[in-house]
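Listed below, chain by chain, are the residues.
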Amino acid sequence: MFSLKQNSWFIRKVVIWRAVASIAWSVLLLPVTTAVFVLLSRFSLFHPIQWISDCTSLLTASSTIFSLVVLCGVVLITGFFNLEFYTLVPSIPCSRMALLGTVLHPRQCVHSLVYCTMGMLVMWCASVTIGGRYSTLGAPCRQSESGEVVTCLNEYHLFLLLAGAFMGYSHSFLGVVQNMYYVSFQPIQQYKYPRFKGCLPMVVKCSVIQALYSARNFAALYFFFGYVPKTWISSTLNLQIDSSLQPLDSLTGLLDFSLLYHLSISGTFLYLTWYLTVLLFRIYVTEAYSFPVQSTFTEDAEQCLPKVLVEKNTFVMKFLALQDLALLSQHSLSRRLEVFSLSQPGGHPHNWNAISRECLSLLSELTQRLVAHQDAVASNGRVKSQSASSDTRSASSSSSVVSGTEDIAETPRLSVPLRTPGSVFKSSVGGANSALTAPFTPDVDSPFSSPAIRRLVGQQDPQSPWFGTVQSPHIMRRGPKLWSASTECQSNGSPPASPATVSSPPAASQKPSFLAQWLQNRKEQVKSFLAKRVLIMYLFNKLPEASSQALFADCQAHIWALQGLSHLVAASFSEDQFGVVQTTLPSILSCLVVLLEAVDRHFKLPHASSKPGRTICSMGDSTYKTLRFALRAALKTSIYKITTTFGEHLIAVNISTEHRKRLQQFLEFKE
């Protein structure tokens, strides 16, 4: 999520101006969409000449110009919310309770209230433009008893205003459910105009479909509860209710074709105005940006690609830098030569070392996240298998290989540079235990979560029998689990302690008090009681694919790191004059193979390999649901790119026997 308080040169010079440009184009498109709406609202099949003349005079009327000014204000507020709420890593609630908490969050409630207000404003402009019986809230009517002319409530105008508020809340609600503020990057780069022209039919289609759904739902809601706002507003504004007209909260009142037609086209105009603003913002923000590889002046050093890649706070800059790395590694010979160049004086490959270090750090972090997820699944009430333990040791050995290269002698950073959605886990990013705070335990606060899961994310009950180093009751008789100790030691850089050196506390201090034991028993009884309630289990149960989707939520950055690293390594075979890549080639190959093994093991888990079903047309971007498949394809493609380029020369590379056997499968095209 973006914050205007971020003090970054990229936010000030690039992102804000791109957002302003998208808002400006949205404002310029308002007269076009308004003219189309006027033509449709005054459509007359049997009087075409009068239809065109009425529309022409209406477009130049003062009421239409004032409505355009109001619509410009709505577009400005929409653009501000796009800039404030957009995110590059989608928020994936892993249970219905988490989704409910997101919808009821105070920030989201304010967002919904603002969009309800904007929906009423747009519908007011639409009703004024349509005119006739929709123009004003009060209309003159004659009382049946005395015959006196009084001001009555115009229910048609009220109906459209309430429909606008309902559509505004629907848009805000779907923005959370469908991740409408998630901004994804296109795999194929396009210029802004061709991309807008290609997406415009989809936006119009989504606007029409969503307007029809909202019109249907609002009509049903007004049929049951329409009497409440109608009575309250008439009594508050001292307006009479015209008894000679059919009320709209009845079946005969709602079966009005003209009313439903104007409601549908007004809703389409409302959604189209918002969706065009969202589309233009996505197009402008995700436009490729070229960072210089190296700079002559010291003042511009922070804007160079090696410096930008290590940025942790400005995610949009980091994503665009990784995208630029993937593009230059494939299409720019001159910039690749700058990456392979040596510093003067000194003759050190600082550019390559910084870029490769950051890419390897990203891939190693993803490997550790996958291994921690597999450890959590294996330890959830079961004994961890020997194969999983060996996989963890292989991941640890790969990390040590990465850290042993020239000019990368420092230990790779284990702090996560890209944040996983906050709805997935509660730990702070980049903390001491960030290697274990992976998005595999989204409902750690649930009363039905396993104590073994809480152990991995650092949330333990001191009175629980799993408190301490023990992970499962089956392992309690076997002493501490060495695999978990080694994983924790990787976080702080200290060597794993042997079981003989672990000092056990006295037996008296381990025995809980009577009160604590009584509270623990009551807590377990409450949990078992709630676990039998169907509604509670429905709210707290994990959604099938949510854990896997949340685990790979930020994998677009890893895909670019894989593409950039593999293409640079392949290009170095003929372009690297100084051999700077050869020093890190063993680390790169080991890191890719270990990540491939972790990904393959993840796809053997339940629901990990199942593809999401198709959804109806919506502006919510669902590409994050298939990111794990894209990552696996990019990973295999990257390894094939290196093996087909180097061929039999890889035999001379110093890597382990297991990794060499796996690479041989790629050399023989058996993967």
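From a predicted model like this one, the values you see are computed outputs, not experimental measurements.

Caption draft 1: Here's a closer look at the overall build of the protein chain. Looking only at helices and strands, one finds 25 helices and two strands in the protein chain. Per-residue burial over the protein chain gives 50% buried out of 671 residues. Carbon and sulfur atoms form 63% of the exposed surface of the protein chain, whose accessible area is close to 32,200 Å².

Caption draft 2: Spotlight on the pattern of salt bridges. Applying the stated criterion across every chain, the model contains 13 salt bridges. Its salt-bridge partner being D554, residue R369 comes within 3.0 Å of it at the nearest N-O pair. Of this pair, R369 sits in helix α14 (residues 350–378) while D554 is found in the loop between α21 (546–551) and α22 (555–575), placing the two residues 185 residues apart along the sequence. On the basis of relative accessible area, R369 is assigned to the buried category, the value being 3%. With its nearest N and O atoms 2.8 Å apart, the salt bridge here joins R662 to E671.

Caption draft 3: The arrangement of the nonpolar core in detail. In this structure, F10, Y86, F291, V316 and W352 are the most contacted members of the largest nonpolar core, which totals 85 residues. For this core, the domains that each give at least three residues are domain 1 (9–131 + 159–217 + 249–286) and domain 2 (298–378 + 544–668). Contact partners of F10, with chain neighbours within four places excluded, come to V15, Y289, F291, V316, M317 and L320. Of all hydrophobic cores here, the second largest spans 51 residues; its members include M180, L254, F269 and L272.

Caption draft 4: Quick look at the state of the cysteines. Scanning the model with the defined rule gives one disulfide in all. Here C141 pairs with C152 through a disulfide, and the sulfurs are 1.5 Å apart. Of the two residues, C141 is situated in strand β1 (residues 138–142) and C152 in strand β2 (residues 149–153); the sequence distance between them amounts to 11 residues. Each member of the pair, C141 together with C152, is buried.

Caption draft 5: Examining the packing of helix α6 (residues 155–177) against helix α10 (residues 257–285) more closely. The interhelical angle for the contact between α6 and α10, taken along N-to-C directions, is 35°, at an axis separation of 11 Å. Handedness of the α6/α10 crossing: right-handed. Contact residues: Y156, F159, L160, A163, G164, M167, G168, S170 and H171 in α6; L259, L263, G267, L270, Y271, W274 and Y275 in α10. Residues of the contact of α6 with α10, tallied by class, amount to 11 nonpolar, five polar and no charged.

Caption draft 6: Region of the structure containing the UniProt feature "transmembrane region" (unreviewed entry) in the protein chain. Within the UniProt annotation, "transmembrane region" (unreviewed entry) is assigned to residues 20–45, 65–89, 110–130, 156–181, 202–225 and 259–281. With 100% helix and 0% strand, residues 110–130 has its two end C-alpha atoms placed 30 Å apart. Across residues 202–225, the secondary structure splits into 100% helix and 0% strand, with the terminal C-alpha atoms separated by 34 Å.

Caption draft 7: Spotlight on the environment of L325. Structurally, the position occupied by L325 is in helix α12 (residues 315–331). It is 7.7 Å that separates the C-alpha atoms of L325 and A561, two residues lying 236 residues apart in sequence. If sequence neighbours within four positions are ignored, L325 has contacts with L305, L309, I355, C359, G564 and L568.

Caption draft 8: Spotlight on the packing of aromatic side chains. One pass over the full model with this rule turns up 33 aromatic pairs. Ring centres 6.0 Å apart and planes at 20° place the aromatic pair F185 and F319 in the stacked group. Remark: F319 occurs in helix α12 and F185 occurs in the loop between α6 and α7 (192–225); sequence separation between them is 134 residues. Owing to a relative accessible area of 1%, F319 belongs among the buried residues under this scheme.

Caption draft 9: Region of the structure containing the confidence of the model for the protein chain. Taken residue by residue, the protein chain gives an average pLDDT of 80. The fraction at 70 or more is 79%. Long-range and interchain partners of residues 381–508, a stretch whose pLDDT sits below 50, account for 214 contacts in this model, where long-range means more than four residues apart.

Caption draft 10: Molecular detail of the packing of helix α5 (residues 106–130) against α10. Where α5 contacts α10, the axes come no closer than 10 Å and their chain directions differ by 130°. The pairing of α5 with α10 is recorded here as oblique in orientation. The crossing of α5 and α10 is right-handed. Two secondary-structure elements touch here, α5 through Y115, M118, G119, V122, M123, A126 and I130 and α10 through H262, L263, S266, G267, F269, L270 and W274. Considering only residue class, the contact of α5 with α10 consists of 10 nonpolar, four polar and no charged.

Caption draft 11: Examining the environment of L161 more closely. Mapped onto the fold, L161 is located in helix α6. Using a relative accessible area of 13% as the deciding quantity, one classes L161 as buried. Counting along the chain gives 36 residues from L161 to C125, while the straight-line C-alpha distance between them is 9.8 Å. If we ignore the near neighbours within four places in the chain, the residues touching L161 are M120, M123 and W124.

Caption draft 12: Structural detail: the side chain of H558. Here H558 is to be found in helix α22. Assessed through its relative accessible area of 0%, H558 is described here as buried. Each residue touching H558, except ones within four places of it in the same chain, is listed here: L362, L363, E365, L366, R369 and L631.

Caption draft 13: Broad picture of the side chain of T87. For T87, the location among the structural elements is in the loop between α3 (62–85) and α4 (96–103). You can call T87 buried: its relative accessible area is 16%. At a separation of 2.8 Å, a polar atom in the side chain of T87 contacts the main-chain carbonyl oxygen of V89.

Caption draft 14: Expanded view of a nonpolar patch on the surface. On the surface, L221, F223, F224, F225, L251 and L255 cluster together into a nonpolar patch covering about 670 Å² of accessible area. If you tally residues by element for the nonpolar patch, the top one is α7, at four residues. Within the secondary structure, F224 sits in helix α7.

Caption draft 15: Quick peek at α14. The first and last C-alpha atoms of α14 sit 41 Å apart over 29 residues, in line with the 42 Å expected at 1.5 Å per residue. Within α14, 26 of the 29 residues are buried, leaving the element largely enclosed by the surrounding structure.

Caption draft 16: Here's a closer look at the environment of A652. Relative to the assigned elements, A652 resides in the loop between α24 (627–646) and α25 (657–667). Spatially, the C-alpha atoms of A652 and P586 are 10.0 Å apart, while their sequence positions differ by 66 residues.

Caption draft 17: α6, seen in detail. The terminal C-alpha atoms of α6, which comprises 23 residues, lie 32 Å apart, in line with the 33 Å expected from a rise of 1.5 Å per residue. Where burial is concerned, most of α6 is hidden: 18 out of the 23 residues are buried. Once α6 finishes, N179 follows within two positions and takes phi at roughly 55°, a positive value.

Caption draft 18: Here's a closer look at unusual backbone geometry. One non-glycine residue with positive phi stands out, namely N238, at about 60°. Structurally, N238 can be placed in the loop between α8 (227–236) and α9 (251–254). On the basis of relative accessibility, which here comes to 62%, the residue N238 falls in the exposed class. We note that F669 has phi near 55°; this positive angle belongs to a residue other than glycine. Position of F669 among the secondary structure elements: in the segment after α25.

Criteria and cut-off values
- Residues numbered from 1 in each chain as written.
- Predicted model: local features only at pLDDT ≥ 70, side-chain atom pairs only at ≥ 80, totals over all residues.
- Heavy atoms only, no water.
- Helix = DSSP H or I, 4+ residues; strand = E, 2+ residues; numbered from the N terminus.
- Buried < 20%, exposed > 50% of the residue type's maximum accessible area, 1.4 Å probe, protein only.
- Areas by Shrake-Rupley, 256 points an atom, 1.4 Å probe, with all protein chains shown as cover.
- Salt bridge = Lys/Arg side-chain N within 4 Å of Asp/Glu carboxyl O.
- Core = buried A, V, L, I, M, F, W, Y, C linked by side-chain atoms within 4.5 Å.
- Domains from an automatic or database assignment.
- Contact = heavy atoms within 4.5 Å.
- Disulfide = S-S within 2.5 Å.
- Axes fitted to C-alpha atoms, helices over the stretch in contact; angles between N-to-C directions.
- Left-handed = near helix turned anticlockwise from the far one by under 90°.
- Nonpolar A, V, L, I, M, F, W, Y, C, P; charged D, E, K, R; others polar.
- UniProt positions renumbered as here; feature names shortened; annotations may be inferred.
- Phe/Tyr/Trp six-rings, centres within 6.5 Å; stacked < 30°, edge-to-face > 60°.
- pLDDT = per-residue confidence, 0-100.
- Parallel < 35°, antiparallel > 145°, perpendicular 65-115°, else oblique.
- Polar contact = N/O pair within 3.5 Å; in protein donor to acceptor, adjacent residues only side chain to side chain.
- Patch = residues over 30% accessible without salt bridge, like charges linked within 9 Å, V, L, I, M, F, W, Y side chains within 5 Å.
- Expected span 1.5 Å × (residues − 1).

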